[in-house]
Amino acid sequence: MKLRLLWIIVTTALLATLIIVLPVSAAALPDSTASAACASFFGVTPGPEPLSACQWDMRAIHADADVRQVATGRGVRVGIIDGGVDMTHADLKDNLDVAASCSFIFTDTPTADPQEIANGDCSNKAAVQDLEGHGTHVATTIAAPVNGIGIAGIAPQATIVALKACTIAGFCFADSVAAALRYAGDIRLDIVNLSLFADPYLYYCKSAAEQKAILKDMEDAARYAQQRGVLIVAAAGNESSDLGHPTFDDISPDWPPNAAIEREVRNNCRVAPAEIPGVVTVSAVGVNTLAGYSTVGRPVDVTAPGGDAVQTPGKTYGRILAGWSSSDATGTWEALSNVGRAVTSGGSRYVWISGTSMASPHAVGVAALIKQMHPNWGPGALAAALRRTTSPMSCPANWPASDPRRCYGNGGDTSFFGAGLVDAKAAVGA
């Protein structure tokens, strides 16, 4: 199932309505059990953190101890525009700037839980708490500290600022996203991650007055943030489509319920934020190649690990393991526990999931390392350095004819991978 928050809950189509009726007899794995299984599967030595053996994604982008000797993200402020974060998570709380965090869920935001509503009043810290887990997963991928618990993030000393723009139901409405972007500019964050598309439209078409106005508001907000020094990084999407050659959209508008109509879309239609000017757009790879769900196209700047269980047949380990919220009220934690995709470490939760939602924070983490080393660089210079230090990837040989996505371009500039796979070691010169 493809959600507005760009992750895949299962490779089969498990509907959200089914999650709450799954049996809850299975327990999450202890970290020692998960680590031993991952170490055997990947043929690696565990360390430095209890779940490091499961972090194939970090090995793929060379986010390791050698890099941490050079840069850790210290002093870099990263905004997570998402569904909030778990403010009690053992692999996040020490790197979280609660004072700067804020919820932009409004009284009239559809699908909002009353606990999330703050109307941009940043004194209401309780509203920032993640009531599901997606934002916590993103944040810990970027900045989980090396503390003997769970996983290690790419930039383990970066500061996380939680900017809630997505509801418990996974809707990230455009007015909340725009408000969060403006606030990121107001407080001059260094980088923001958006693992989402802005509801209620997947594609915003400039030929339709309402959609044009919503898109302009988001573009204006992004431009303001960029002018205030913020690098914006966004997930490409999980629709297995080509942003450079859009054809149809059958999920918009996704609110109110049952309002969607199938329509043709062309290049006057844009996915936001992935196609907003100046945004670094990230596609997803699995252990071996492009993920089966990943959207592609010329707007893609770089690629990063997003996970794809199909590429590790019979095993969950080809997904991305990162933190999950202790206050998940959606039933997802129980569902994932029942299928062997949930782990506990140091009293906190971790899950394996996939999506371009998981790819984007890998690019953000590498950008945070670059920003630490070059604190005076603006967003344009950071984006250029992120692209310049990738590991170039060529179009896959013998790409299946049954897959409608087509790779064009040469190594270092392709529609699947952009400039290539983000590389922490190359980015810091380790």
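Residues numbered from 1 in each chain as written. Predicted model: local features only at pLDDT ≥ 70, side-chain atom pairs only at ≥ 80, totals over all residues. Heavy atoms only, no water.

(A) Region of interest: the packing of aromatic side chains. Per the stated rule, a full pass over the model turns up 11 aromatic pairs. Every member of this aromatic cluster is reached through a ring pair, and the members are Phe41, Phe42, Tyr317 and Trp352. The ring centre of Phe42 lies 5.4 Å from the NZ or CZ of Arg59, which sits over that ring. (Phe/Tyr/Trp six-rings, centres within 6.5 Å; stacked < 30°, edge-to-face > 60°. Lys NZ or Arg CZ within 6 Å of the ring centre and 35° of its normal.)

(B) Inspection of the sheet that holds strand S1 (residues 29-30) at higher detail. Spatially, the 4 strands line up as an open sheet ordered S1-S14-S15-S13, and their pairing is mixed. Looking at strand neighbours, the two that pair on one side only are S1 and strand S13 (320-324), the edges of this open sheet. Where S1 lies against strand S14 (residues 342-345), 2 bridges are found, and the strand directions are parallel. Bridge pairing in S14 places Pro30 opposite Thr344. Lying on the sheet, helix H5 (residues 134-143) is in contact with S13 and strand S15 (348-353); it crosses S13 at an angle near 115°. (Pairing = 2+ DSSP bridges. Helix = DSSP H or I, 4+ residues; strand = E, 2+ residues; numbered from the N terminus. Contact = heavy atoms within 4.5 Å. Axes fitted to C-alpha atoms, helices over the stretch in contact; angles between N-to-C directions.)

(C) Focus on the sheet that holds strand S7 (residues 231-235). The strand order across the open sheet formed by 7 strands is S3-S4-S2-S5-S7-S11-S12, and the pairing between neighbours is parallel. Edge strands, defined here as strands with exactly one partner in the open sheet, are strand S3 (102-103) and strand S12 (302-305). In this structure, strand S5 (residues 191-194) lies alongside S7, joined through 4 bridges in parallel fashion. Across the sheet, Asn193 pairs through a bridge with Val233, a residue of S7. The sheet strands contacting H5 are strand S2 (77-82), strand S4 (159-164) and S5, and the helix crosses S2 at an angle near 160°.

(D) Layout of the state of the cysteines. Under the counting rule described, the total for this entry stands at 5 disulfides. Here Cys102 pairs with Cys122 through a disulfide, and the sulfurs are 2.1 Å apart. Judged by the sign of its S-S torsion, about -90°, the bond between Cys102 and Cys122 is left-handed. You can see Cys102 sitting in strand S3 and its partner Cys122 sitting in the loop between S3 and H5, a full 20 residues away along the chain. On the basis of relative accessibility, which here comes to 21%, the residue Cys122 falls in the partly exposed class. Between Cys166 and Cys172 runs a disulfide, and the two sulfur atoms are separated by 2.2 Å. Between Cys166 and Cys172, the disulfide has an S-S torsion of 110° and is therefore right-handed. In terms of burial, Cys166 and Cys172 fall into one category: buried. If one numbers only the bonded cysteines of the protein chain, in the order they occur, the disulfide pattern is 1-2, 3-4, 5-6, 7-8, 9-10. (Disulfide = S-S within 2.5 Å. Buried < 20%, exposed > 50% of the residue type's maximum accessible area, 1.4 Å probe, protein only.)

(E) Expanded view of the packing of helix H9 (residues 356-373) against helix H10 (residues 379-388). Contact geometry for H9 and H10: axes closest at 10 Å, N-to-C directions at 115°. As the angle between them shows, H9 and H10 are arranged roughly perpendicular. H10 is crossed by H9, and the crossing has right-handed handedness. Across the interface between the two elements, Ala363, Val366, Ala367, Ile370 and Lys371 from H9 touch Leu382, Ala385 and Leu386 from H10. (Parallel < 35°, antiparallel > 145°, perpendicular 65-115°, else oblique. Left-handed = near helix turned anticlockwise from the far one by under 90°.)

(F) Summary view of unusual backbone geometry. Across the junction of Asp199 and Pro200, the peptide omega takes the value 15°, indicating a cis bond. Counting through the fold element by element, Pro200 comes out in the loop between S5 and strand S6 (203-205). Look at the link from Trp255 to Pro256: it is a cis peptide, with omega at 0°. Inspection of the secondary structure assignment puts Pro256 in the loop between strand S8 (248-249) and strand S9 (263-264). Not every positive phi belongs to a glycine, and His62 is a case in point at roughly 60°. Residue His62 is classed as partly exposed on the basis of its relative accessible area, which comes to 33%. Despite not being glycine, Thr111 has its phi angle at roughly 70°, a positive value. The residue Thr111 is located in the loop between S3 and H5 in this model.

(G) Broad picture of the side chain of Ser357. For Ser357, the location among the structural elements is in helix H9. A polar side-chain atom of Ser357 sits 2.7 Å from a polar atom in the side chain of His134. (Polar contact = N/O pair within 3.5 Å; in protein donor to acceptor, adjacent residues only side chain to side chain.)

(H) Looking closely at the packing of helix H6 (residues 174-186) against helix H7 (residues 209-227). With their axes 8 Å apart at the nearest point, H6 and H7 run at an angle of 15° to one another. Looking at the two axes, H6 sits roughly parallel to H7. Classified by chirality, the crossing of H7 by H6 is left-handed. Of the residues in H7, those in contact with Ala174, Ala178, Leu181, Arg182, Gly185 and Asp186 of H6 are Ile214, Asp217, Met218, Asp220, Ala221, Ala222, Tyr224 and Ala225. Per-class residue counts for the contact of H6 with H7 are 9 nonpolar, 1 polar and 4 charged. (Nonpolar A, V, L, I, M, F, W, Y, C, P; charged D, E, K, R; others polar.)

(I) Spatial organisation of the pattern of salt bridges. Inspection of the entire model under this criterion finds 12 salt bridges. For Glu116, the salt bridge goes to Lys164, with nearest N and O atoms at 3.5 Å. Here the residue Glu116 occupies a position in the loop between S3 and H5, and Lys164 occupies one in strand S4, the gap between them amounting to 48 residues. For the pair formed by Glu116 and Lys164, the shared burial category is buried. Between Asp220 and Arg223 there is a salt bridge; the shortest N-O distance is 2.9 Å. Residue Asp220 and its partner Arg223 are located together in helix H7, separated by 3 residues, close to a single helical turn. Judged by relative accessible area, which is 24%, Asp220 ranks as partly exposed. Residues participating in the shared-partner salt-bridge network are Asp64, Asp66 and Lys425. (Salt bridge = Lys/Arg side-chain N within 4 Å of Asp/Glu carboxyl O.)

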